[in-house]
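Spelled out from the first residue to the last, the chains are:
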Amino acid sequence: MLIYEKSQAGRRSISQAPITSTTNTKVSDIPEGLLRKKKAALAEVSEMQVVRHYTNLSRRNFSIDTQFYPLGSCTMKYNPRGAHKSAMLPGFLGRHPLAPESQSQGFLACMYDLQEILKEVTGMKGVSLTPMAGAQGEFAGVAMIRAYHDAREDFERTEILIPSAAHGTNPATAVMCGYKVREIPVDKNGDVDLAALKEAVGPETAGLMMTNPSTCGVFERSIKEIASTVHEAGGLLYYDGANLNAILGKVCPGDMGFDVMHMNLHKTFATPHGGGGPGAGPVGVGERLLPYMPTPIVGKESVDGKDVYRWLDEKDIPQTIGRLSTYMGNAGVLLRAYYYARLLGREGMHRVAEYSTLNANYMMKRCENAGFELAYPGRRATHEFIITLSSQAKNLGVNAMDFAKRLLDYGYHAPTTYFPLLVPECWLIEPTETESPDELDGFVEAMIQIQKESEENAEMVKGAPYNQTVRRLDDVKAARELDLKWSPAQES
Amino acid sequence: MPYIPHTDEDVKAMLDTIGVNSIDDLFDEIPKDILAKNFDIPEGISEMEMMRLMSERAAADSNVSCFIGAGAYEHHIPAAVWDVVSRGEFLTAYTPYQAEASQGTLQVIYEYQTNMANLTAMDVSNASLYDGGSGMAEAALMAIRANKKSKSRKVLVPRTISPLYRDTAHNIVTNQNIELVDVNFDSEGGNTTLENLKQYEGEDFAALIIAQPNFFGVLEDVNELTDWAHANGMLVIAVVNPISLALLTPPGEWGESGADIAIGEGQPLGVPLSSGGPYFGFICCKQKIVRQMPGRIIGRTVDMEGKEGFTLTLQAREQHIRRSKATSNICTNQGLVMTASTIYVALLGADGLSLVAEACHENTNQLSVLLTSLEGVETAFNRPVFHEQVLRLPVSSESVLEKLAEARIQGGIDLSTYYPELENCVLFCATETKTNDDLVAYQQALASVLAS
Amino acid sequence: MSEIRPELKYLVSHEWLRVESDGTAFVGISDHAQEAMGDLVFVETPEVGSTVTAGEEAGVVESVKAASDIYAPVSGEVVAINEELEETPEAVNNDPYGDGWMFQIKLSDPAELESLELLSAEDYVAKVEEEDQ
């Protein structure tokens, strides 16, 4: 039931009305023609109705706090409550983005510290925290690559190379930065086809965007040769941090030869996904791109022996690609990431890669032992791995989506399905380091059960889910007969 | 080990299952020479120590009386909003790709879309963008795609629109060779007039952007500007403050046929100032150009038993399917903050929002009267405002603001930073959170700064 | 096996073409293509009066989980579009060679038909079978 359907004209959360000041000037100074004539159709409900309505809606969600959520490439790890609590401290919430620096030293200190930590663990030379999500981090990175070539008056470089297994954001970003996209094939082991790459690079190559480990869940073993191939052609290397969790503390993107990267703090640094955002996608750069970093950035000076923090803007970084958000990005998310980074500290970073890799390899082995087909047998799993259900689809008529929907009935969120596109009927599974082996075992047991069900009663599996709040939804109807908002007329 | 549950026995048993001797063996596909060294970062600390550090730092920035607006506004946020939003089921859920396991998030977005479309009187809304400034960039790109009659890659952008928005939008669209063309403003009214637009008549532009209220807090003649743009073959992009929409004509009703796209900063609807983010940008449009709208959209449908449910829809426009031909590279919406706004709007309702808007308007007018009673202080523009006002001081606004800050009053922003012609000008705002005592305290502090 | 009409010409990208005696040509997508896409939810056709070039994008078909460009099989002016598809894209699924036609092109140069690499029904069958392997 929608909140509007609970509405009663005249009912209000009266305690939320502001106490106005004593005069009654009201709005008589605003010309009639600029005033709203009919009030907006919004719900009129009591405070308790609101709390109950949204509390009940929340219970119609899977979440990390309630379920194992092994979505590949999304890194659904535990989101520390302490991080949330500390970012919600009144002093942080109340600070206006344009508050004077003299009354912002606490916040700026956190941001400066976070920049330094991220720089160090990625092997980069500079970090800007401002991009508001991974896609904006990508945008910042590719825009910097363009600024670099433009500054050298190297205007011939019009192409960005992207492995065919890449996430769709990469090509979409390259186009937003004014580039053409050329796809590089991926071989049967999940590696970039080096011969094809060598064929593709040239004077028109602006750069290459890639993840490592790749979206195929395996480590790109030829990374150094890929880097030198692109660099020799005059291009730069972009590291998409989607899979940074797999190598955090073990390998620095800077040491693999990447010139620029983004980090998804909502993945690797444990900030909550919030039902689809907000995230944060800071960018890190090597020496060559330092002059182009997006603003603002936090700088530190020593004044009378005391650390003083201040914003760096275009006066300090004249060649910057500029600001990408109205203020400075998703500050509250950055505070949560800072909290997480400080709790892990020097000795904790590498454990992220180690235990996420341990969990993935353990789960992969258990799946293999249970008879599930691996997409890349013989390779190590990184923090994630792929199984393909194409034989189930072919022989039993139960496809990857059916399996996924049935899994919901067992109380597990489905892994990423049908991505990467080049593996048919696939599941991309990422357990993360914060899950215990018991949870992983439970998941594999559920898979074994569903396999059994598929063999015995395929129709039943194809009708899943059964114990969610709704059955499978008609998304064809949703797209053909668009119903994107409630309106008073339609209900009467 | 923070957040890692494994016991030594767990690890041993898992390694045995995998068939390796150590965790390091699992990294044997990685070339040895690129494995990381030790990091020069602080050692890990406990929750207790960290909470103490964060509390100290947060406290250092507290206890100020804030009269800064400029696109981010201090409003009272009902206690219920973030209490409910902070439930783990909202906080720690992912993008609702598995619709059956995400009906909560999906229905909230559908309600959010309804709120925004009804507040703006537009046909449809998406599930939100990052923030207002980047939202304006997306709107400009959308207008260029949607205006089939225009071949132009140029958009008219009045200088009365936030310089931060203009800067952000420029940085995002410039790589696609799209030009945002400045339009000057009337120096008396602080608004954009037909006179200012005259020189562009007959030229091909994809759209005109109109902010209501504008960056100076001033109310534009949105009806005549909208009609002018439409008469000249341009689409109209409205940039609006959602709180103001409780009082002011919504974009869907501007002029003869309404704005085509409406965007804005959603922060005033239940989102704390929080140093500039996370906020959310909203974008709404007319039905006929919905396919050009970027970002996530939720639709209502039925399940296989005919029961109502909600799901992502129109996904073929988005990057995960359309790749290089997508409407945008955006993957997220600002789900959690958008959820906060949905709860905020439900708590206030249309009448509550009106009261908030009126109280802001009244406080700003009131403060304006108090401040201009001081010698040499005057309002810079003569048109009505919503809840912000530009003051011209007799001395440098930069130094006045610094001195006010010492008295822990954040008196506004120095406009000369963005507009060289507005020397000694301060943009301030007083929302419903300010009491009469707060306003008088500002007046007295300013009086003593000016007297010194 | 999907239906392939012997009297039509095809593109490797799965569009079909039927040239009328008056020099206009109907364009749609093949039965095989609509099957592969699944339930269509939207068809974007070129605007009437616009010109299209053989081999270049002229429209888009969308299902829930995929989008695919439609390429113009021949060059010329778009003289008509199937307006019904705006409300009922499912016509392409139900009747790809009839009610599901998408647009009509007035050929700018009928001689172009000879030089273009259009597939006969037989060649198209072979191509589809090869893809299914």
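1. Here's the deal with the domain arrangement of chain A
All names here are of chain A.
Alright, step 1. Taken domain by domain, chain A comprises domain 1 (82-344) and domain 2 (350-477).
Alright, step 2. Across the contact, 26 residues belong to domain 1 and 19 residues belong to domain 2.
Alright, step 3. Between domain 1 and domain 2 lies a buried interface of about 1,700 Å² when both sides are counted; carbon and sulfur atoms form 58% of it.
Alright, step 4. If you sort the residues of domain 1 by the area they bury against domain 2, Cys216, Gly217 and Asn245 come out on top, with a joint share of 28%.
Alright, step 5. Arg379 is paired through a salt bridge with Asp191; the nearest N and O atoms lie 3.4 Å apart.
Alright, step 6. Applying the counting rule to domain 1 against domain 2 returns eight residue pairs in polar contact (both at pLDDT 80 or more).
Alright, step 7. A class-by-class count of the residues in the side of domain 1 that touches domain 2 yields 12 nonpolar, 10 polar and four charged.

2. Some details on the sheet that holds strand β2 (residues 124-125) of chain B
As a general point, the strands of a sheet are linked pairwise by backbone hydrogen bonds and lie either parallel or antiparallel.
All names here are of chain B.
Alright, step 1. Taken together, seven strands build an open sheet; the order of strands is β2-β8-β7-β6-β5-β3-β4 and the sheet is mixed. The open sheet has two edge strands with one neighbour each: β2 and β4 (179-183).
Alright, step 2. Against the sheet, helix α6 (residues 132-146) contacts β3 (154-158), β4, β5 (207-212), β6 (235-240), β7 (261-265) and β8 (281-285), and its axis sits at roughly 165° relative to β7.
Alright, step 3. Against the sheet, helix α7 (residues 163-173) engages β3, β4, β6 and β7, with an angle of about 155° to β4.

3. Quick word on the interface of chain A and chain B
Alright, step 1. Listed per partner, the contact involves 194 residues of chain A and 189 residues of chain B.
Alright, step 2. Surface buried jointly by chain A and chain B totals about 16,800 Å² across both partners, of which 60% is contributed by carbon and sulfur atoms.
Alright, step 3. Inspection of the region where chain A meets chain B yields 12 salt bridges.
Alright, step 4. Taking the shortest distance from any N to any O, the salt bridge between Lys405 of chain A and Glu100 of chain B comes out at 2.7 Å.
Alright, step 5. Where chain A packs against chain B, one counts 99 residue pairs in polar contact (both at pLDDT 80 or more).
Alright, step 6. Taken together, the residues of the side of chain A that touches chain B break down into 93 nonpolar, 58 polar and 43 charged.

4. Section: the interface of chain C and chain A
Alright, step 1. Listed per partner, the contact involves eight residues of chain C and four residues of chain A.
Alright, step 2. For the pairing of chain C and chain A, the buried interface totals around 490 Å² over both sides, and the portion due to carbon and sulfur atoms is 59%.
Alright, step 3. When the buried area of chain C at its contact with chain A is split by residue, Asp39, Val41 and Val64 of chain C rank highest and sum to 67% of it.
Alright, step 4. At the boundary of chain C and chain A, one finds two salt bridges.
Alright, step 5. Measuring nitrogen to oxygen at the nearest pair gives 3.6 Å for the salt bridge that ties Lys65 of chain C to Asp475 of chain A.
Alright, step 6. At the surface where chain C touches chain A, the tally comes to one residue pair in polar contact (both at pLDDT 80 or more).
Alright, step 7. Residue assignment for the side of chain C that touches chain A shows that the elements contributing at least two residues are β4 (40-44) and α3 (90-94) of chain C.
Alright, step 8. Tallied by class, the residues present in the side of chain C that touches chain A amount to four nonpolar, one polar and three charged.

5. Brief notes about the packing of helix α11 (residues 331-369) of chain A against helix α1 (residues 8-18) of chain B
Alright, step 1. It is at 9 Å that the axes of α11 of chain A and α1 of chain B come closest, and there the two elements cross at 50°. Taken together, the axis directions place α11 of chain A and α1 of chain B in an arrangement best described as oblique. Both α11 of chain A and α1 of chain B take part in a crossing whose hand is left-handed. Of the residues in α1 of chain B, those touching α11 of chain A at Tyr355, Leu358, Asn359, Asn361, Tyr362, Lys365 and Arg366 of chain A are Val11, Met14, Leu15, Thr17 and Ile18 of chain B.
Alright, step 2. Here the contact of α11 of chain A with α1 of chain B is composed, by residue class, of seven nonpolar, three polar and two charged.

6. Looking at the packing of helix α1 (residues 47-58) of chain A against helix α5 (residues 103-120) of chain B
Alright, step 1. Where α1 of chain A contacts α5 of chain B, the two axes come as close as 7 Å, and the packing angle between them is 135°. The angle between α1 of chain A and α5 of chain B places the two elements in the oblique class. Of α5 of chain B, the residues touching α1 of chain A (which contributes His53, Tyr54 and Leu57 of chain A) are Gly104, Gln107, Val108 and Glu111 of chain B.

7. Quick notes on the sheet that holds strand β10 (residues 373-374) of chain A
Residue and element names in this part refer to chain A.
Alright, step 1. Spatial ordering of the open sheet is given by β10-β11-β13-β12, a layout of four strands whose pairing is antiparallel. Here the strands that pair on one side only, and so sit at the sheet edges, are β10 and β12 (416-417).
Alright, step 2. By the bridge criterion, two bridges tie β12 to strand β13 (residues 426-429) in an arrangement that is antiparallel. When the bridges of β13 are listed, Thr416 appears paired with Leu428.

8. Quick notes on α1 of chain B
All names here are of chain B.
Alright, step 1. Listed as buried for α1 are Val11, Met14, Leu15 and Ile18. Projected down its long axis, α1 carries its buried residues within an arc of 100°, all on one side. Among the exposed residues of α1, those pointing more than 90 degrees away from its buried face are Glu9, Lys12 and Asp16.
Alright, step 2. Positive backbone phi, approximately 90°, marks Gly19, located one or two places after α1.

9. A short note on the pattern of salt bridges
Alright, step 1. One pass over the structure, following the stated rule, counts 55 salt bridges over all chains.
Alright, step 2. Taking the shortest distance from any N to any O, the salt bridge between Lys315 of chain A and Asp313 of chain A comes out at 3.3 Å.
Alright, step 3. In this structure, Lys462 of chain A and Glu459 of chain A form a salt bridge, with 3.5 Å as the shortest nitrogen-oxygen distance. With Lys462 of chain A and Glu459 of chain A both in helix α15 (residues 458-462) and three residues apart, this pair spans about one turn of that helix.
Alright, step 4. Classification of Lys462 of chain A as partly exposed rests on a relative accessible area of 32%.
Alright, step 5. Of the residues examined, Glu459 of chain A reaches a relative accessible area of 56% and is grouped as exposed.
Alright, step 6. Overlapping salt bridges, with partners in common, bring together Asp191, Arg221 and Arg379 of chain A together with Glu29 of chain B in one network.

10. Some words on the environment of Pro384 of chain B
Alright, step 1. Within the fold, Pro384 of chain B resides in the loop between β11 (378-379) and β12 (388-392).
Alright, step 2. Sequence spacing of Pro384 of chain B and Ala262 of chain B is 122 residues, and the spatial spacing of their C-alpha atoms is 22 Å.

11. Some remarks on the environment of Asp438 of chain B
Residues and elements named next belong to chain B.
Alright, step 1. Structurally, Asp438 is set in helix α13 (residues 436-451).
Alright, step 2. For the pair Asp438 and Leu367, spaced 71 residues apart in sequence, the C-alpha to C-alpha distance is 9.4 Å.
Alright, step 3. Ignoring sequence-local partners within four residues, the contact set of Asp438 consists of Phe67 and Thr433.

12. Observations regarding the pairing of strand β15 (residues 425-429) of chain B
Residue and element names in this part refer to chain B.
Alright, step 1. Counting buried positions over the five residues of β15 gives five, a clear majority of the element.
Alright, step 2. Here β15 shows a buried face lined by Cys425, Leu427 and Cys429 and a second buried face lined by Val426 and Phe428.
Alright, step 3. Strand direction decides the pairing type here: β12 and β15, joined by five bridges, are antiparallel. For Arg392, the partnering residue across the bridge sits in β15 and is Cys425.
Alright, step 4. Where strand β14 (residues 413-414) meets β15, two bridges bridge the pair, whose relative direction is antiparallel. Residue pairing across strands places Ile413 opposite Leu427, the latter belonging to β15.

Conventions we followed
- Residues numbered from 1 in each chain as written.
- Chains lettered and ligands numbered in written order.
- Predicted model: local features only at pLDDT ≥ 70, side-chain atom pairs only at ≥ 80, totals over all residues.
- Heavy atoms only, no water.
- Domains from an automatic or database assignment.
- Contact = heavy atoms within 4.5 Å.
- Buried area = accessible area lost by both parts, 1.4 Å probe.
- Salt bridge = Lys/Arg side-chain N within 4 Å of Asp/Glu carboxyl O.
- Polar contact = N/O pair within 3.5 Å; in protein donor to acceptor, adjacent residues only side chain to side chain.
- Nonpolar A, V, L, I, M, F, W, Y, C, P; charged D, E, K, R; others polar.
- Pairing = 2+ DSSP bridges.
- Helix = DSSP H or I, 4+ residues; strand = E, 2+ residues; numbered from the N terminus.
- Axes fitted to C-alpha atoms, helices over the stretch in contact; angles between N-to-C directions.
- Parallel < 35°, antiparallel > 145°, perpendicular 65-115°, else oblique.
- Left-handed = near helix turned anticlockwise from the far one by under 90°.
- Buried < 20%, exposed > 50% of the residue type's maximum accessible area, 1.4 Å probe, protein only.
- Arc of directions from axis to C-beta.

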